[in-house]
Amino acid sequence: MKHVRLVAMIVLGMAASGCSTIDTVSRSVPFESPATTAMAPAMNVDAFQVRVPRSLQVSEANRYYPSGDIVWRGEPLGDRHAQVQKIFEEGLAMGTQGADGAVPVVLDIEVKRFHALSEKTRYSVGGRHEIEFVVNFLNPETMRPMAEPRQIDATFKAFGGARAVQAERNGMTQKVRITRHLAGVFQKELGVRDAAREAPAVNRIPAVSRSTATPLSAGDRTNNLF
């Protein structure tokens, strides 16, 4: 019960500190809020799991603003739900390094929207990567919620036109930018001030396999838990 109260206080502290979208992950001092500093680090992330519900609609239309919940062209045509899940897992592997506080938790992430740029938009006017998800804090032993969920809007500006082309030439693809941005968002949410921002060398925090991701099976709505 003590851990449950502490996690609840941490989540309230996150809300009070105004944790919202950050422009990039490369700021020299990305987390300046006193509330965030005071609580960092408090959580010990035992594991994480990412759910991309199959109910999210995928659009492959090459329009300026395709309809759909998932618009992703940064990888070859394939299972877009699985590709988005992998991007989140890589971002979590980077962003949770250093989250070794006193309260053990499992992070359960449910993706709500992953709307990157179509080819037509990326190589002309540019736009925004619209990324929205929910973070649940689960007890590692019972896999039940320990606090209220956090609604996160991680939308940020995308490159367009000549800048997008130059970025790709330098290896800064959409996938690289989004993964690093998500890592920064998770660092901020967890109060981790100095975690690796390059490609994760070793992920010491395991992702929860689908077979053990109960009672939150893939496609379940987060709100059903509360």
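Preceding this paragraph is the structure being described.
Reading guide: rules and limits
Residues numbered from 1 in each chain as written. Predicted model: local features only at pLDDT ≥ 70, side-chain atom pairs only at ≥ 80, totals over all residues. Heavy atoms only, no water. Axes fitted to C-alpha atoms, helices over the stretch in contact; angles between N-to-C directions. Helix = DSSP H or I, 4+ residues; strand = E, 2+ residues; numbered from the N terminus. Parallel < 35°, antiparallel > 145°, perpendicular 65-115°, else oblique. Left-handed = near helix turned anticlockwise from the far one by under 90°. Contact = heavy atoms within 4.5 Å. Nonpolar A, V, L, I, M, F, W, Y, C, P; charged D, E, K, R; others polar. Phe/Tyr/Trp six-rings, centres within 6.5 Å; stacked < 30°, edge-to-face > 60°. Lys NZ or Arg CZ within 6 Å of the ring centre and 35° of its normal. Core = buried A, V, L, I, M, F, W, Y, C linked by side-chain atoms within 4.5 Å. Buried < 20%, exposed > 50% of the residue type's maximum accessible area, 1.4 Å probe, protein only. Salt bridge = Lys/Arg side-chain N within 4 Å of Asp/Glu carboxyl O.

Novice: Any chance you could explain the packing of helix 3 (residues 80-95) against helix 6 (residues 174-190) here in plain terms?
Specialist: Two measures define how a pair of helices packs: the angle their axes make with one another and the distance between the axes. Remark: helix 3 packs on helix 6, axes separated minimally by 7 Å, with the N-to-C direction vectors making an angle of 50°. Here helix 3 lies oblique to helix 6, going by the angle between them. As helix 3 packs across helix 6, the resulting crossing turns out to be right-handed. Packed against helix 3, whose contacting residues are Ile87, Phe88, Glu90, Gly91, Leu92, Met94 and Gly95, the element helix 6 presents Lys175, Ile178, Thr179, Arg180, Leu182, Ala183, Phe186, Gln187 and Leu190 at the interface. Within the contact of helix 3 with helix 6, the residues separate by chemical class into nine nonpolar, four polar and three charged.

Novice: In this structure, what is going on with the packing of aromatic side chains? I would like to understand it.
Specialist: For any two aromatic rings, the description comes down to two numbers: the centre-to-centre distance and the angle of the planes. All told, the structure shown has four aromatic pairs when counted by the stated rule. Measuring from centroid to centroid gives 5.6 Å for Trp72 and Phe114, while their planes differ by 85°, and the two rings are edge-to-face. You can see Trp72 sitting in the loop between strand 2 (70-71) and helix 3 and its partner Phe114 sitting in strand 3 (residues 103-115), a full 42 residues away along the chain. Among the aromatic residues, ring-to-ring pairing joins Trp72, Phe88, Phe114, Phe133 and Phe186 into one connected group. Stacked on the ring of Phe159, the Lys or Arg Arg177 has its end atom at 3.8 Å from the ring centre.

Novice: Can you help me understand unusual backbone geometry in this one?
Specialist: As a rule of thumb, non-glycine residues mostly have phi less than zero, and peptide bonds are mostly trans rather than cis. Notably, Met143 is not glycine yet its phi reads approximately 60°, a positive angle. Mapped onto the secondary structure, Met143 falls in the loop between strand 4 (127-138) and strand 5 (150-153).

Novice: Honestly, the nonpolar core in this entry has me stumped. Any pointers?
Specialist: Soluble globular proteins tend to bury their nonpolar side chains together. Residues Phe88, Leu107 and Phe133 are the most contacted members of the largest nonpolar core, which totals 34 residues. Examining the composition of this core, we find that six residues originate from one element, strand 3, more than from any other. Residues within four places of Leu107 in sequence aside, it is in contact with Val45, Ala47, Phe48, Gln49, Leu92, Thr96, Val135, Asn136, Phe137 and Leu190.

Novice: Just checking my understanding: could you explain the pattern of salt bridges for this structure?
Specialist: Oppositely charged side chains can pair when the atoms bearing their charge come close. Counted by the stated rule, this structure contains 12 salt bridges. One salt bridge connects Glu130 with Arg128, and the closest N-O pair in it is separated by 3.4 Å. Arg150 serves as the salt-bridge partner of Glu189, at 3.1 Å between the closest nitrogen and oxygen. One end of the pair, Glu189, is in helix 6; the other, Arg150, is in strand 5, and 39 residues separate them in sequence. Of the two residues examined, Glu189 and Arg150, each falls in the buried class.

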